[in-house]
Amino acid sequence: MLPQNKPLAPRIKLALAIIILGMAIAFLLTWLFSGKETAPQITEHAFESGNLIWSIEGYPAKALHENTFSLHVTNLNGAPFEGADLAIKLDMLGMVCGDVEFQMTEAAPGKYTGEGIPLMPGMWKATLTLEAGNQTYTLERRLEAVH
Ligand SMILES: [Cu+2]
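Since the model is a prediction, treat every value here as computed from it, not as a measurement. (Residues numbered from 1 in each chain as written. Predicted model: local features only at pLDDT ≥ 70, side-chain atom pairs only at ≥ 80, totals over all residues.)

(A) View of the sheet that holds strand S2 (residues 50-56). As summarised here, the arrangement of the 5 strands in space is S1-S2-S4-S8-S7, forming an open sheet in which the pairing is antiparallel. Each having just a single partner strand, strand S1 (42-47) and strand S7 (105-108) make up the two edges of the open sheet. Averaged over neighbouring strand pairs, the angle between their axes works out to 30 degrees when direction is ignored. Direction of pairing for S7 relative to strand S8 (residues 111-116): antiparallel, over a ladder of 3 bridges. Within the sheet, the bridge partner assigned to Thr 105 lies in S8 and is Thr 113. (Pairing = 2+ DSSP bridges. Helix = DSSP H or I, 4+ residues; strand = E, 2+ residues; numbered from the N terminus. Axes fitted to C-alpha atoms, helices over the stretch in contact; angles between N-to-C directions.)

Written out as structure tokens, the structure reads:
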């Protein structure tokens, strides 16, 4: 005759249930808030030839509407980074609903603006390409789009 498995003591079962529930809640909260934390309105970036501050007006961005992206680019001395060619590509995270590319124009020395249209509400990745002289730099951020 096979020995019967001893049932776990009720207290151990309860403790396990509490641990599992706690882990599930922690996981859910992390998942719920991870997007917002990584996609603020304003992000700061450093690249080999300078720094830039990237902001999106009226954040979160509005799906199927033009949203103004502005970039304030400075060189390593803190002076305006003038005369660069900037373009942004938007693609949605985990989806293939289509990429959106647009050019930025220099509105003031070192200040570049452009209009981008996310196609759907959700989390998007924005890739900035900055060309200056014969150098090309690529920087990324995330952004949230809503209805
Ligand atoms: Cu999509």
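(B) Up close: the sheet that holds strand S6 (residues 100-103). Reading across from one edge, S3-S10-S9-S5-S6 is the order of the 5 strands in this open sheet, with mixed pairing throughout. Two strands in the sheet have a free side with no partner beyond their single neighbour: strand S3 (61-62) and S6. Pairing of S3 with strand S10 (residues 135-146) involves 2 bridges; the strand directions are parallel. Its bridge partner lying in S10, Ala 61 is registered against Ala 145.

(C) Seen up close, the nonpolar core. Membership of the largest hydrophobic core comes to 21 residues, with the highest contact counts inside it found for Leu 71, Val 73, Leu 86, Ile 88, Ala 126 and Leu 143. Elements with a minimum of two residues in this core: S2, strand S4 (67-75), strand S5 (85-92), strand S9 (122-132) and S10. Apart from the residues lying within four places of it in its own chain, the contact partners of Val 73 are Gly 50, Leu 52, Phe 81, Ala 84, Gly 110 and Tyr 112. (Core = buried A, V, L, I, M, F, W, Y, C linked by C-beta atoms within 7 Å. Buried ≥ 20, exposed ≤ 12 C-beta atoms within 10 Å, placed from the backbone. Contact = placed C-beta atoms within 7 Å.)

(D) Representation of the pairing of S4. Strand direction decides the pairing type here: S2 and S4, joined by 7 bridges, are antiparallel. Counted as the bridge partner of Asn 51 is Thr 74 from S4.

(E) Molecular detail of the environment of Phe 47. Turning to its location among the elements, Phe 47 is positioned in strand S1. Since 17 C-beta atoms lie within 10 Å of it, Phe 47 is described here as partly exposed. Along the primary structure Phe 47 and Tyr 137 are separated by 90 residues, whereas in three dimensions their C-alpha atoms are 7.3 Å apart. In contact with Phe 47, other than residues within four places in its own chain, are Tyr 137 and Leu 139.

(F) Looking closely at unusual backbone geometry. The amide bond that connects Tyr 59 to the next residue, Pro 60, takes the cis arrangement and shows omega of -5 degrees. In this structure, Pro 60 sits in the loop between S2 and S3. Of note in this structure, Leu 64 is not a glycine but carries a positive phi near 60 degrees. By the element assignment, Leu 64 lies in the loop between S3 and S4.

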